[in-house]
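# Working through the structure, step by step
Each chain, letter by letter, is given below.
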Amino acid sequence: LLEHEVLVARLRRGDRVVKIDDHAIRDGIDYYVQLLFKKPGEKIALALERDGKPVNVSLAIEAIPIPDGSKLAEKLLGLKIAAIPDAARRRYEIPDEVGLWVDSVTGDPARKAKFAEGDLILFINSAPIRTLQDIGLALEEVTPGENVMVEMARTRTERPFKQPVRLRAMGG
């Protein structure tokens, strides 16, 4: 960790990357192409331009952490999400590709949209939802006050139905 902190401290706002591992970086595409196949832990050499002067830095690639879908769903939508229990999956004949449902409604956006315990989460902003990781990725860029489209299905009723629901993400 200390080595990482030292390496990160050597990068500054305004530094311009001019080379990655001796490959010239002319634009954003060059930058992404050079990093595309790098793996977490792999060391890279950066040639930077800082205040008009050359600076060389070596650092290790870090994995981007996957956002916590459970926390984001509760924080932004007011939904506590869980894996569908096997007994419920059998009882309601829920297909394997549907992976999550509403465990409880904890906040105003979900209450106002009339979500209920046992509702299935199918899509968020057009992204298919099968895992908490999917929810995290779908919600990571959502900001408080932004509209979020959730396609849900209700199975715990005489007449099961599927519908899109618009929620306004809450803050805090």
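Look a little higher up for the structure.
Let me sum up the structure you'll find in this document. Computed from a predicted structure; not experimentally measured.

### A closer look at the nonpolar core
In this structure, Phe115, Ile121, Ile124 and Leu139 are the most contacted members of the largest nonpolar core, which totals 24 residues. If you list the elements that add at least two residues to this core, you get helix 3 (69–77), strand 5 (79–83), strand 6 (100–105), strand 7 (120–124), helix 6 (132–139), strand 9 (147–154) and strand 10 (161–168). No other element matches helix 3, which puts 4 residues into this core. Setting aside residues no more than four positions away along its own chain, Leu139 makes contact with Leu72, Ala73, Leu76, Leu77, Ile124 and Val148.

### With respect to the side chain of Arg154
You can see Arg154 is positioned in strand 9. At a separation of 2.7 Å, a polar atom in the side chain of Arg154 contacts the main-chain carbonyl oxygen of Lys114. Within the local environment of Arg154, its side chain forms a polar contact with the side chain of Asp119, the two groups lying 2.7 Å apart.

### Quick word on the sheet that holds strand 3 (residues 43–50)
Strand order in the open sheet formed by 4 strands is 2-1-3-4, with antiparallel pairing between adjacent strands. Of all strands in the sheet, those bounded by a partner on one side alone are strand 2 (23–24) and strand 4 (53–60). The pairing of strand 1 (residues 16–20) with strand 3 spans 4 bridges and is classified as antiparallel. Bridge assignment links Lys19 to a residue of strand 3, and that residue is Ala47.

### Points about the pattern of salt bridges
Evaluation of the coordinates by the stated rule reveals 7 salt bridges. Measuring nitrogen to oxygen at the nearest pair gives 2.9 Å for the salt bridge that ties Asp21 to Lys38. Here the residue Asp21 occupies a position in the loop between strand 1 and strand 2, and Lys38 occupies one in the loop between helix 2 (28–36) and strand 3, the gap between them amounting to 17 residues. Relative accessible area serves as the criterion here: at 24%, Asp21 is assigned to the partly exposed category. Overall, the relative accessible area of 21% leaves Lys38 in the partly exposed class. Of the charged contacts in the structure, one is a salt bridge between Asp119 and Arg154, with a shortest N-O distance of 2.7 Å. With a gap of 35 residues between them, Asp119 in the loop between helix 5 (108–112) and strand 7 and Arg154 in strand 9 connect regions that are remote in the sequence. For Asp119, a relative accessible area of 1% corresponds to the buried category. Connected through shared salt-bridge partners, Asp21, Lys38 and Glu42 make up one network.

The rules behind these values
- Residues numbered from 1 in each chain as written.
- Predicted model: local features only at pLDDT ≥ 70, side-chain atom pairs only at ≥ 80, totals over all residues.
- Heavy atoms only, no water.
- Core = buried A, V, L, I, M, F, W, Y, C linked by side-chain atoms within 4.5 Å.
- Buried < 20%, exposed > 50% of the residue type's maximum accessible area, 1.4 Å probe, protein only.
- Helix = DSSP H or I, 4+ residues; strand = E, 2+ residues; numbered from the N terminus.
- Contact = heavy atoms within 4.5 Å.
- Polar contact = N/O pair within 3.5 Å; in protein donor to acceptor, adjacent residues only side chain to side chain.
- Pairing = 2+ DSSP bridges.
- Salt bridge = Lys/Arg side-chain N within 4 Å of Asp/Glu carboxyl O.

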